[in-house]
Amino acid sequence: MAGGGTAALEGGATTTAPLRLIREVARISTAGFSGFFKKDCADLARRVSLLAHLLEEIRDSKKIQENVEVGSSSSFSSCFSDLTVALQAAKRLVSAANNFDSSKISSDGATKKIYFQFQCVTWKLEKALTNLPYDDFDISEEVQEQVELVRAQLRRATERYGGPLSSSLLCRALSQPLDKEIDPFQPSNRLTGSLHVDSIGSIDLEVRPKLGALLERNASERFSTDEVIEKKESFRNSSTSYEINAPKDSDSRRIKNLACKNLEENKKLDSPVIPDDFLCPISLELMRDPVIVATGQTYERSYIQRWIDCGNTTCPKTQQKLRHLTLTPNYVLRSLISQWCVKHNVEQPTALMSGKIKKSDGSFRDVSGDIAAIQALVRKLASRSTEERRAAVAEIRSLSKRSTDNRILLAEAGAIPILVSLLTSEDGQIQDNAVTSILNLSIFDNNKGLIMLANAIPSIVQVLRAGSMEAKENAAATLFSLSLADENKIIIGASGAIPALVDLLQSGSSRGKKDAATALFNLCIYHGNKGRAIRAGIITALLKMLTDSSSCMVDEALTILSVLASHQEAKVAIVKASTIPVLIDLLRTGSPRNKENASAILLSLCKRDNENLACLSRLGAVIPLSELARNGTERAKRKATSLLEHLRKSQQH
């Protein structure tokens, strides 16, 4: 594969082999699957088939040839080579598993071997998709979301098949034909001699700056945490060779330990099979909150809601037109799922079971004595007495700040819907404490879904617009916390929250601006929210932050701009706001971090745009870029070098 990678790029042929393999897998799927691995084959084939749209858009992209021209063919070749290898493995696997002789299932761990192959292939596919340089092609928003969903499904499938993979086992498994499978449980079954395979390599990650506090800080009843969010700045990968030789004694011990570990991990294979009716047709996971759509099909609420919020009006399973978009809770199925979980000793969606909370070490803590007190406190939230409600919500704010156990118990006692209703209270103190309580409760991940189910977003946005400054700050922090779940980014973005956050970014307190920046950054990771932010005037606010000498938020402004700069509407707005001269000035005078982000933004604005490149040249950007290419951070060097190459080519033309 590696030898013909560069040639394959010519004429968009990079995608030829992957597309062919996808169509071959689709043909196998059309014939139907049977046997012991029927569901595994069908799931893998369906995920592979969904990638056809991505490869077709890359094939038709005008940018692929341009990227070849600027000398990036090596990294492109490596990325597409990885994907081709993964698809070849997927094709071999579905063919072999579908034809697997059922009489061998009970012999010599054959089932575990095949499951291990499914784990290897799903892991390789997910990593190959992660490494594709999406930003270098005109990929539509719809296809990007589809790929994200496939990647998420592949990650979950890898975990279900037995957890993290060691690179040595992966290399061995993927390099062999399926009729000569590697047994992951037998240390004596090893390869000798040399074996060269394409590795996934390392993903170029940029550590995002800490854009404010998620937790309410102690000094003013706001907790704090180091939320470090990584932005995938580049998906380039290099081809690496591994040699697997005959092991020494130390290798034997290591492999023996690895075999024991894998045996433990594969105990999951002996767990009870979840009935198909209990799995969401979209996520293929056990449903926590099953809801019924107009066609009568049942889905997990968060996944079908995301489907609808993306503008779809058909049932994903039947493709029938939805007569209405109402989601009706399926209480009967939820009860059946709960009973099944109890019967098979499967952990249920709730963290509280029989008056006990599961601790991180696996043991349980008896909280039955706390439950009654918290339930009584929650009942006071609905009291007719304003003073009683005020005291209760203040106490809940305090409790929700102290511990995870309290957050679990308050949610189980039904506090969240009542707190949401108090967000519209005319009593300012009740409103302030209610929104802060919801912020505190949202730290526990399971509570995020309950807050969304309580339809809290419209009320939080109202607080963001018209509440006290403290309430606005905590409302912005709450939106950030909730937006950490990807499906919530879409819902929050469509709620009108972004204009309110931009207003807070422009006119809020110092802490309010930090919280607004944090929330806007996270929301704008979702492509569909970038246009909303532009139309809300975020570029003007960010430019002011860059040019205001008293501003302490240059890092935040540059980081948000770096996320927005890949959006065409944002590019136009950034250039129109005369931001390029400011960015060039930062190349000269900014901190290493500022220079890095400024060069990244300029590259997004100027590549394949001769007018912006000419502007760079006129404003004297060559000298600071040359200095950055020599002495900047590794990422800054790459960006500056690429910009200088674009400038050179534009001057030649």
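Procedures and definitions
- Residues numbered from 1 in each chain as written.
- Predicted model: local features only at pLDDT ≥ 70, side-chain atom pairs only at ≥ 80, totals over all residues.
- Heavy atoms only, no water.
- UniProt positions renumbered as here; feature names shortened; annotations may be inferred.
- Helix = DSSP H or I, 4+ residues; strand = E, 2+ residues; numbered from the N terminus.
- Buried < 20%, exposed > 50% of the residue type's maximum accessible area, 1.4 Å probe, protein only.
- Areas by Shrake-Rupley, 256 points an atom, 1.4 Å probe, with all protein chains shown as cover.
- Core = buried A, V, L, I, M, F, W, Y, C linked by side-chain atoms within 4.5 Å.
- Contact = heavy atoms within 4.5 Å.
- Salt bridge = Lys/Arg side-chain N within 4 Å of Asp/Glu carboxyl O.
- Axes fitted to C-alpha atoms, helices over the stretch in contact; angles between N-to-C directions.
- Parallel < 35°, antiparallel > 145°, perpendicular 65-115°, else oblique.
- Left-handed = near helix turned anticlockwise from the far one by under 90°.
- Nonpolar A, V, L, I, M, F, W, Y, C, P; charged D, E, K, R; others polar.
- Pairing = 2+ DSSP bridges.
- Polar contact = N/O pair within 3.5 Å; in protein donor to acceptor, adjacent residues only side chain to side chain.
- 1 Å grid on protein atoms, 1.4 Å probe; cavity = no way out; pocket = protein on both sides within 12 Å on 5 of 7 lines; lining within 4 Å.
- Points joined across faces, edges and corners; volume = space filled by probe spheres on them.

You'll find the protein chain entered in an unreviewed UniProt entry as RING-type E3 ubiquitin transferase, with Sesamum alatum given as the organism. UniProt, in the comment section headed Pathway (unreviewed entry), describes the protein chain in these words: "Protein modification; protein ubiquitination." What UniProt records for the protein chain under Catalytic activity (unreviewed entry) is the sentence "S-ubiquitinyl-[E2 ubiquitin-conjugating enzyme]-L-cysteine + [acceptor protein]-L-lysine = [E2 ubiquitin-conjugating enzyme]-L-cysteine + N(6)-ubiquitinyl-[acceptor protein]-L-lysine."

So, on to the overall build of the protein chain. Secondary structure summary: the protein chain contains 32 helices and 9 strands in total. Expressed as a percentage of its 653 residues, the buried residues of the protein chain come to 50%. Total accessible area on the protein chain is roughly 29,500 Å²; 50% of this is exposed by carbon and sulfur atoms.

Looking now at unusual backbone geometry. Residues other than glycine seldom take positive phi values, yet Gln 319 does so here, at roughly 65°. Backbone geometry at Ser 578 places phi at a positive 60°, although glycine is not the residue there. Within the secondary structure, Ser 578 sits in the loop between helix H27 (568-576) and helix H28 (580-589). Given the relative accessible area of 47%, Ser 578 is considered partly exposed.

Core analysis: the biggest nonpolar cluster contains 99 residues, and Leu 419, Leu 501, Leu 505, Ile 538, Leu 542, Leu 564 and Leu 616 have the highest contact counts within it. Setting aside chain neighbours within four positions, we find Leu 564 in contact with Cys 524, Lys 530, Ala 533, Ile 534, Ile 538, Ile 539, Leu 542 and Ala 570. In this structure, Val 48, Leu 54, Leu 55 and Ala 128 belong to the second largest nonpolar core, which totals 42 residues.

Oppositely charged side chains can pair when the atoms bearing their charge come close. If you walk through the whole model with that rule in mind, you get 22 salt bridges. The partner of Arg 151 in a salt bridge is Glu 148, and the shortest N-O contact between them spans 2.8 Å. Here Glu 148 and Arg 151 lie together in helix H8 (residues 141-160), a separation of 3 residues that amounts to about one turn. On the basis of relative accessible area, Glu 148 is assigned to the partly exposed category, the value being 35%. The closest approach of N and O atoms between Lys 649 and Glu 645, which form a salt bridge, is 4.0 Å. Remark: Glu 645 and Lys 649 occur in helix H32 (residues 634-652); sequence separation between them is 4 residues, near one turn of the helix. Classification of Glu 645 by relative accessible area gives partly exposed; the value is 26%.

With their axes 9 Å apart at the nearest point, helix H13 (residues 368-380) and helix H15 (residues 404-412) run at an angle of 60° to one another. Overall, the two elements H13 and H15 adopt an arrangement that is oblique. Of the two possible hands of crossing, H13 and H15 adopt the one that is right-handed. Facing H13, whose interface residues are Asp 370, Ile 371, Ile 374 and Val 378, H15 presents Asn 406, Leu 409 and Leu 410. Broken down by class, the residue content of the contact of H13 with H15 amounts to 5 nonpolar, 1 polar and 1 charged.

Take the sheet that holds strand S4 (residues 290-292) next. Pairing within the open sheet is antiparallel, and its 3 strands lie in the order S5-S4-S6. Of all strands in the sheet, those bounded by a partner on one side alone are strand S5 (298-300) and strand S6 (328-329). One ladder, built from 2 bridges, connects S4 with S6; its direction is antiparallel. For Ile 292, the partnering residue across the bridge sits in S6 and is Thr 328. In this fold helix H11 (residues 301-309) packs onto S4, S5 and S6, with an angle of close to 95° to the strand it touches most, S5.

Among the structural elements, Lys 571 can be located in helix H27. You can call Lys 571 buried: its relative accessible area is 17%. Here Ser 604 takes part through its backbone oxygen, which lies 3.4 Å from a polar atom of the side chain of Lys 571. Apart from residues no more than four positions distant in its own chain, Lys 571 is found in contact with Ala 565, Ser 566, Ser 604 and Leu 605.

Moving on, we get to the environment of Val 575. Note on placement: Val 575 falls in helix H27. In this structure Val 575 comes out as partly exposed when scored by relative accessible area, which is 28%. As a C-alpha pair, Val 575 and Cys 606 span 31 residues in sequence and 9.9 Å in three-dimensional space. Sequence-distant contacts of Val 575, defined by excluding residues within four places in its chain, comprise Ile 580, Leu 605 and Asn 612.

Each pocket or cavity is described by its volume, and for the second largest pocket that value is around 1,300 Å³. Forming the walls of the second largest pocket are 36 residues, and the residues nearest its centre are Arg 46, Pro 281, Ile 282, Trp 307 and Pro 316. At the level of elements, helix H3 (38-49), H8, S5, H11 and helix H24 (527-535) are the ones that each hand at least two residues to the lining of the second largest pocket. No other element matches the 7 residues that H8 contributes to the lining of the second largest pocket. Residues of the lining of the second largest pocket, tallied by class, amount to 16 nonpolar, 8 polar and 12 charged.

Let us now look at H24. Along H24, the residues that are buried comprise Gly 528, Asn 529, Lys 530, Gly 531, Ala 533 and Ile 534. Gly 537 occupies a position one or two residues after H24 and carries a positive phi of about 90°.

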